[in-house]
Amino acid sequence: MLTVRPGRPLRGTVRVDGSKNAALPLLAAAAATGRTVHLANVPAIADVDAMLALLQRSGYHLARPVSDPRALVVMPASDRGPVPELSEAAHIRASYYLVPALLAASGQAMLPWPGGCRIGDRGMDQHFKVYAAFGDKVEVDDDGYRVTVAEHGPVEVMVDLPFRSRGTSVVAVLRAVISGRRLLMGNPNHSPEFTGMLAALRQIGWQIDLGTETLSVAPPVSEQEAPVAWTVPGDKIEAGTLACALAATGGAGRIEGMRGEEAAPVVGALNLLGINSSFEPAAVVVHGGGQPSGAPLRVVASLAPGGLDADFEPALMALALGLPGTHLFADSINPGRHRNLLSQLTRLGAAIEALTPTQCRLTGPQRLNGAAVEAMDIRTGSALLIAALTARGTTTVTRLDQLRRGHPDLPGKLRALGADIHEADR
Ligand SMILES: CC(=O)N[C@H]1[C@@H](OP(=O)(O)OP(=O)(O)OC[C@H]2O[C@@H](n3ccc(=O)[nH]c3=O)[C@H](O)[C@@H]2O)O[C@H](CO)[C@@H](O)[C@@H]1O
Ligand SMILES: C=C(OP(=O)(O)O)C(=O)O
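Throughout this description, residue numbers start from 1 for each chain and increase along the sequence as written. Ligands are numbered from 1 and chains lettered from A, in the order in which they are written. The model is predicted, so local features are restricted to residues of pLDDT at least 70 and side-chain atom pairs to those at 80 or more, both for listing and for counting; the totals for chains, interfaces and linings are taken over all residues.

Attention shifts here to the site of ligand 2. To decide nearness, the C-beta atom of each residue is placed from the backbone, and the residue is near a molecule or strand if that atom lies within 6 Å of it. In the vicinity of ligand 2, the residues found are Lys20, Asn21, Ile92, Arg93, Ala94, Gly116, Cys117, Ile119, Asp311, Ile378, Arg379 and Gly406. Helical segments are the DSSP runs of H or I of at least four residues, strand segments are the runs of E of at least two, and each set is numbered from the N terminus. Elements that contribute at least two residues to the shell around ligand 2 include exactly helix 1 (20–33) and helix 11 (378–390). Each residue receives one of three labels: charged for Asp, Glu, Lys and Arg, nonpolar for Ala, Val, Leu, Ile, Met, Phe, Trp, Tyr, Cys and Pro, and polar for the others, Gly being one of them. Of the residues contributing to the shell around ligand 2, the split by class is five nonpolar, three polar and four charged.

Asn21, Gly123, Gln126, Ser165 and Gly167 are the nearest of the 22 residues found near ligand 1. If you list the elements that add at least two residues to the shell around ligand 1, you get helix 1, helix 4 (125–133) and helix 5 (166–179). For the domains described, the bounds stem from an automatic or database domain assignment. The two domains that each donate at least three residues to the shell around ligand 1 are domain 1 (2–17 + 234–423) and domain 2 (20–231).

Strand pairing in a sheet is mediated by backbone hydrogen bonds. Such pairs are either parallel or antiparallel. Overall, mixed pairing links the four strands, which are arranged 21-22-1-23 in an open sheet. Whereas interior strands pair on both sides, the edge strands pair on one side only; in this sheet they are strand 21 (372–374) and strand 23 (420–423). In this sheet, adjacent strand axes meet at a mean angle of 25 degrees when their direction is disregarded. A pair of strands is considered paired only if DSSP assigns at least 2 bridges between the two. Sheet topology places strand 21 next to strand 22 (residues 395–398); three bridges connect them, and they run parallel. From the neighbouring strand, Val373 faces strand 22, where its bridge partner is Val397. Remark: residues whose backbone-derived C-beta atoms lie within 7 Å of one another are considered to be in contact. Geometry is summarised by axes, namely lines fitted to C-alpha atoms with helices restricted to the contacting stretch, and by angles between N-to-C directions that run from 0 to 180 degrees. Its contacts with the sheet place helix 11 against strand 1 (2–5), strand 21 and strand 22, and it is angled at close to 170 degrees to strand 22.

Attention shifts here to the sheet that holds strand 20 (residues 359–364). Across the sheet, which stays open at both edges, the four strands sit in the order 17-18-20-19 with mixed pairing between neighbours. The sheet is open, and its two edges are formed by strand 17 (298–300) and strand 19 (352–356), each paired on a single side. For this sheet, the mean angle separating the axes of adjacent strands, direction not counted, is 15 degrees. Looking at chain direction, strand 19 and strand 20 are connected through four bridges and run antiparallel. Paired with Ile352 across the strands is Leu362, a residue of strand 20. On the sheet, helix 10 (residues 337–345) packs against strand 19 and strand 20 and is oriented at approximately 160 degrees with respect to strand 19.

Each assigned domain of the chain is listed here: domain 1 (2–17 + 234–423) and domain 2 (20–231). For domain 1 versus domain 2, the distance between C-alpha centres works out to 30 Å. Each side of the interface is counted separately: domain 1 has 21 residues, and domain 2 has 18 residues. Going through the elements one at a time, helix 10 and helix 12 (400–406) are the ones with two or more residues in the side of domain 1 that touches domain 2. Taken together, the residues that form the side of domain 1 that touches domain 2 break down as six nonpolar, five polar and ten charged.

Note that Gly167 resides in helix 5. Exposure classes come from backbone-placed C-beta atoms, where a residue is buried if 20 or more other C-beta atoms lie within 10 Å of its own, exposed if 12 or fewer do, and partly exposed in between. Overall, the presence of 21 C-beta atoms within 10 Å leaves Gly167 in the buried class. Distance in space between the C-alpha atoms of Gly167 and Thr395 is 35 Å, their sequence separation being 228 residues. Once residues within four sequence positions are removed from consideration, Gly167 is found in contact with Tyr96 and His127.

If you want it as structure tokens, here you go:
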């Protein structure tokens, strides 16, 4: 359990860890390449630990250089082994990224339905269309799904996504990688987590062309032998969360360790609200000292290229509660997100009007009061920390397992900026 009390404005400089949502596709891609890959800046979080356990259980070899606890080496699976039983895959959403590597390692992937944040009905139908396009056999039942590799599928696979799913885009590319086939995909995802994985594959010779409407992927023209070294980018969502925490307490500070422009949507929102902020190539800076503008914030999560990553929204909602104006939030990508967020923020006394299950509106500034709340999912947890820093009295936050799925130590970073946050036994 965490206890959080309000205090003086946060100040200082802090460095983010590697991003969960960038690390998970890179780990799956490393396995899918069948090469030894050195990964740097791997965050020490529960979802990464789960992914590593799944990789090992599937026959892949892992090593952690003693000189750097955040580095990891992923080595190919020895021989085509038996199909592993992977019940832990139910704990994380991104276990589905492993399907191509499993097809490479044992010819079949047999997995329970993925878990992760409980933020609505999170389908996999588009993934199955991808496997079918490669000629694979897909079977589903109440407990999970099974994909059996097609040994002789089409030489070039064409897939048109009905919407720009990040998960489907990742698995389609990795399915092409394990088979050395060409892929042409319509309506691809454009998030930095996906384009970062594409850049990593380009580095080892894959010919990848990402346009606004289409993605083409073709195998390297020659065998590559050089050592492979990839780096997990810093966590843009952690950076956005910390920026909102600085802003919510009227503080100022600098967040380093990620590509600053990936946090541009948060910087833009802060400036609109009257909180002077900027980004640099590898930092976000909250300058502080501005006057609240009263401007209405409109935060709409979108999978469109350049659209707002849904995971930024909860922290912005917590910030907006303390600032004048009527602010609108929408996340139709994750239809259960607001249910989690609103149920907990209202425990702190927040008045948020649910316009639809995926749209809500609030008018600030509101006075919040400390209460007992639960981190129902990762981003609800981080939003609650921000809200608690501005609430009167003490807030206790439980379900820290959710926070630890995505952040090695978010409370510690807030504490380093001066927040009164402590772990306590119940
Ligand atoms: C590990 C990871 O990076 N997770 C992120 C990823 O989740 P996730 O991997 O679920 O994101 P996708 O873009 O693939 O899917 C978004 C939504 O589309 C729907 N869908 C998706 C695939 C499919 O075959 N059928 C289907 O119905 C689901 O409701 C899903 O929740 O993007 C979300 C939205 O940007 C973020 O909030 C998550 O943090
Ligand atoms: C929704 C999230 O994670 P996942 O997709 O892994 O459940 C998240 O990172 O906020």
